[in-house]
Amino acid sequence: MRVSAKGRYALAAAISLAENYDNGECITVISISEKLGISKIYLEQVFSLLKRGGIVISEKGAQGGYQLARIPRLITVLDVLSAVELALFEQTEETVNKKAPEIESVMKAMVFDSIDSAVKDVLEQITLEDLVNRAEEQKKNQGFMYFI
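Residues numbered from 1 in each chain as written. Predicted model: local features only at pLDDT ≥ 70, side-chain atom pairs only at ≥ 80, totals over all residues. Heavy atoms only, no water.

Peer 1: Would you explain the overall build of the chain in this entry?
Peer 2: For the chain, the count of helices and strands is six helices and two strands. Listed by position from the N terminus, the elements making up the chain come as α-α-α-β-β-α-α-α. Compactness check: the chain gives a C-alpha radius of gyration of 19 Å against a globular reference of 15 Å for 148 residues, more than 25% above the reference. In terms of overall dimensions, the chain has C-alpha extents of about 65 × 50 × 25 Å along its principal axes. Split into buried and exposed, the 148 residues of the chain put 30% on the buried side. Contacts spanning at least 24 positions in sequence make up 64% of the contacts within the chain whose residues lie at least 6 apart. Within the chain, one finds 17 positive and 21 negative side-chain charges whose respective centroids are separated by 4 Å. (Helix = DSSP H or I, 4+ residues; strand = E, 2+ residues; numbered from the N terminus. Rg over C-alpha atoms; globule rule 2.2 N^0.38 Å. Buried < 20%, exposed > 50% of the residue type's maximum accessible area, 1.4 Å probe, protein only. Contact = heavy atoms within 4.5 Å. Lys, Arg positive; Asp, Glu negative; His and termini not counted. Charge placed at Lys NZ, Arg CZ, Asp CG, Glu CD.)

Peer 1: Any chance you could explain the pairing of strand 1 (residues 56–59) here in plain terms?
Peer 2: Along any regular strand, the residues point their side chains to alternate faces of the sheet. In the sheet, strand 1 pairs with strand 2 (residues 65–68) via four bridges, with the strands oriented antiparallel. Opposite S58, over in strand 2, you have Y66 as the bridge partner. The turn linking strand 1 back onto strand 2 is made up of five residues, and G61 within it adopts a positive phi angle of 105°. (Pairing = 2+ DSSP bridges.)

Peer 1: Before we go on, may I ask you to explain the side chain of T127 in this structure?
Peer 2: The topology assignment puts T127 in the loop between helix 5 (101–125) and helix 6 (128–141). The residues contacting T127, other than those within four sequence positions of it, are P72, R73, I75 and T76.

Peer 1: Looking at this model, I keep getting lost on the nonpolar core. Mind explaining?
Peer 2: Nonpolar side chains tend to gather and get buried jointly when the protein is soluble and globular. Ranked by size, the top nonpolar core spans 31 residues in total, and within it F47, L50, V80 and L128 carry the most contacts. With seven residues, the top contributor of residues to this core is helix 1 (residues 5–19). Apart from the residues within four sequence positions on either side, F47 is in contact with A13, L17, V29, I32, V56 and Y66. (Core = buried A, V, L, I, M, F, W, Y, C linked by side-chain atoms within 4.5 Å.)

Peer 1: Even after reading the chapter, I still don't get the environment of D22, so can you show me in this structure?
Peer 2: Within the secondary structure, D22 is located in the loop between helix 1 and helix 2 (29–36). For the pair D22 and I71, spaced 49 residues apart in sequence, the C-alpha to C-alpha distance is 8.9 Å.

Peer 1: Explain the pattern of salt bridges to me, please; I cannot follow it from the model alone.
Peer 2: When the charged atoms of two side chains with opposite charge come close together, those side chains can pair. Taken as a whole, this structure holds four salt bridges when the rule is applied. R70 is the salt-bridge partner of D79, the closest N and O atoms lying 3.4 Å from each other. A residue is classified by how much of its surface remains accessible, and R70, at 28% relative accessible area, is partly exposed. Across the pair D113 and K108 runs a salt bridge whose closest N-O atoms are separated by 3.1 Å. Owing to a relative accessible area of 33%, D113 belongs among the partly exposed residues under this scheme. Judged by relative accessible area, which is 38%, K108 ranks as partly exposed. (Salt bridge = Lys/Arg side-chain N within 4 Å of Asp/Glu carboxyl O.)

Here it is in structure tokens:
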């Protein structure tokens, strides 16, 4: 599994939206761009994919912007990445299929498919709410320095 820059930016933007979910306000691409240091033009492309994937909704007008389509507890990392990544779980290329199909089959079934399944399981278990909570914990702990 390989997560592109687009996937990483989409996840960061979704976490940013999740941090502000409770206030019910739409967040502009410009404000997220400034907060995260990501190109506005690039983020607009990302949000287009997130909208198409049902992760965000948009409002037009002076008070417009984006909001999450569901509460952060119901949006997983897999949901976000699947909305923007074209080939999140690419098929592993054949290695020795012509000369040793039984080895190829075993590698695919026991190694590569198992890895994909395990990664998918992890991504399905982590929600935007989990990520927001962990980010808040880290923000609180940044001010503390421990000496032993």
